[in-house]
Structure formats: structure tokens, C-alpha cells
Amino acid sequence: DTGVSQDPRHKITKRGQNVTFRCDPISEHNRLYWYRQTLGQGPEFLTYFQNEAQLEKSRLLSDRFSAERPKGSFSTLEIQRTEQGDSAMYLCASSLLAASQETQYFGPGTRLLVL
Amino acid sequence: GDSVTQMEGPVTLSEEAFLTINCTYTATGYPSLFWYVQYPGEGLQLLLKATKADDKGSNKGFEATYRKETTSFHLEKGSVQVSDSAVYFCALSDLGFGNEKLTFGTGTRLTIIP
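A short tour of the structure in this document, coming up. This is a predicted model, so every value here is computed, not measured.

1. Points about the pattern of salt bridges
Following the criterion strictly, the structure yields 7 salt bridges over all chains and no others. Residue K101(B) is joined to E56(A) by a salt bridge in which the shortest nitrogen-to-oxygen separation is 2.8 Å. Of this pair, K101(B) sits in the loop between β10 (86–93) and β11 (102–104) while E56(A) is found in strand β6 (residues 53–57), placing the two residues in two different chains. A residue is classified by how much of its surface remains accessible, and E56(A), at 23% relative accessible area, is partly exposed. Ionic pairing is found between D55(B) and K52(B), a salt bridge with its closest N-O pair at 3.4 Å. What you see here is one network of salt bridges that share partners, running through R64(A), E83(A) and D86(A).

2. Quick word on the nonpolar core
W35(B), L47(B), L48(B), F73(B), L75(B) and Y88(B) are the most contacted members of the largest nonpolar core, which has 26 residues in total. Take this core: its biggest share by element is 4 residues, from β10(B). Ignoring anything within four residues of it in the chain, the contact list for L75(B) reads L19(B), T20(B), I21(B), W35(B), L47(B), L48(B), F62(B), E63(B), A64(B) and Y88(B). Counting residues in hydrophobic clusters, the runner-up holds 19 residues, among them V4(A), V19(A), W34(A) and L112(A).

About the criteria used
Residues numbered from 1 in each chain as written. Chains lettered and ligands numbered in written order. Predicted model: local features only at pLDDT ≥ 70, side-chain atom pairs only at ≥ 80, totals over all residues. Heavy atoms only, no water. Salt bridge = Lys/Arg side-chain N within 4 Å of Asp/Glu carboxyl O. Helix = DSSP H or I, 4+ residues; strand = E, 2+ residues; numbered from the N terminus. Buried < 20%, exposed > 50% of the residue type's maximum accessible area, 1.4 Å probe, protein only. Core = buried A, V, L, I, M, F, W, Y, C linked by side-chain atoms within 4.5 Å. Contact = heavy atoms within 4.5 Å.

Quick look at the structure:
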């Protein structure tokens, strides 16, 4: 079990640039979640996928944000025209939908700094 | 909507002291409750969970009991170690919304001094 991986671990960009993050879930997991964590706060839900279908998006996810999960495997989160307020840690989690309560397993996160 | 309120930190204790981190919640359905821990430089890890009222979750000497009457899920440990220094997050997921997204508290930073 290799766990959830995220790439890159750190990203520094200038305001107005586009950035893309990748998440590789645990291989048999069919659910994938994205969260955002700002300094001193707990993670906040952004969106989630069941297999390749994006089933819910938070109000936090503005039109500049888009997420995909082609073929129900890895996922990408893209932020267009970044703003300083986008600086945060972006966390990915995966889980296996089953009859019993699922447990989400988190990756190490991608820390974004927008200058 | 759902929310989690947890004890503000930072909390500093001496090794072998008793630990309590308070957590209360508001939910419209029948939530499951979790404690996650974030060690320095690492990702979030599930510490323990409880899925229904009066359940007790336990792991690594930590315990928390799901109290529906007080809407609480306080984290306790009888004797803390330096290696327990981390940030602790209380969270809930509410099955009533059809997915199990987690709603987190703001986190409590715990430092244990030798």
C-alpha cells in the first residue's frame, strides 16, 4: 500500500499564472476528495469524485478552479489566474466506498504560495 | 450547516500529564466523528473514530467517546509522551448529505515538554 501521493509538494507562482496539482489515490479507492487548508485552520472541503464523476463542489470552488479525474484514477486540480488568496495547502484524500463507514486517507498535500 | 468547535491551543503539557482536548459538534443528520493528527512535516492521519452514539474510539493510548446528549467527542490520553506533539483535528462526516466529506475544527496544537 503506497498511500496517497501528491505532486508537486510545493509550488510558488506569480499572481495571474495557472497552476495544476496532481493526486494519485490508493489504487483500489473509488472516492477522491480535495480539501484546502489555510494557516491556522482546519481543512475545508472543495470537491469530490466517485470514480470519474464529480459529484459535489463546494461554494469555495470558484470558476477559476477545475478538477478532473479521468478514468477514475488520478485527479488534477487546476487553478487559473491565481490570486494571493489562493495561497494554501491543497490536500487530497481517497477512500473506498463500502457498506460500512469509509475512512479517508490523506496525502501529504501541495503547498501553494502565490506572490 | 455542520460545524465542529474544538479547544483552542496551543496546549503545552509536561510528559506523563493527562490530556483532554475538547470537541463539540453541530450536525443535521447522524454524523460519524473522527480525530485526525498531523505530525510536523507529515500529512493528516486518522487517529480514531466513532460511528454512533456511545461508541468509544481508541488508538495509541488515545480515547474519545461519542456523546450525543452533549454533542461532544473529547480526546483524552492518560499519559502523554513527547512524540505526541502534533496538531489534532476533530472532524465529522454526515451521511445525510450523500457523501462523506469531512468537516473539520480549527485544530489544536499540542506540545509535550520532557
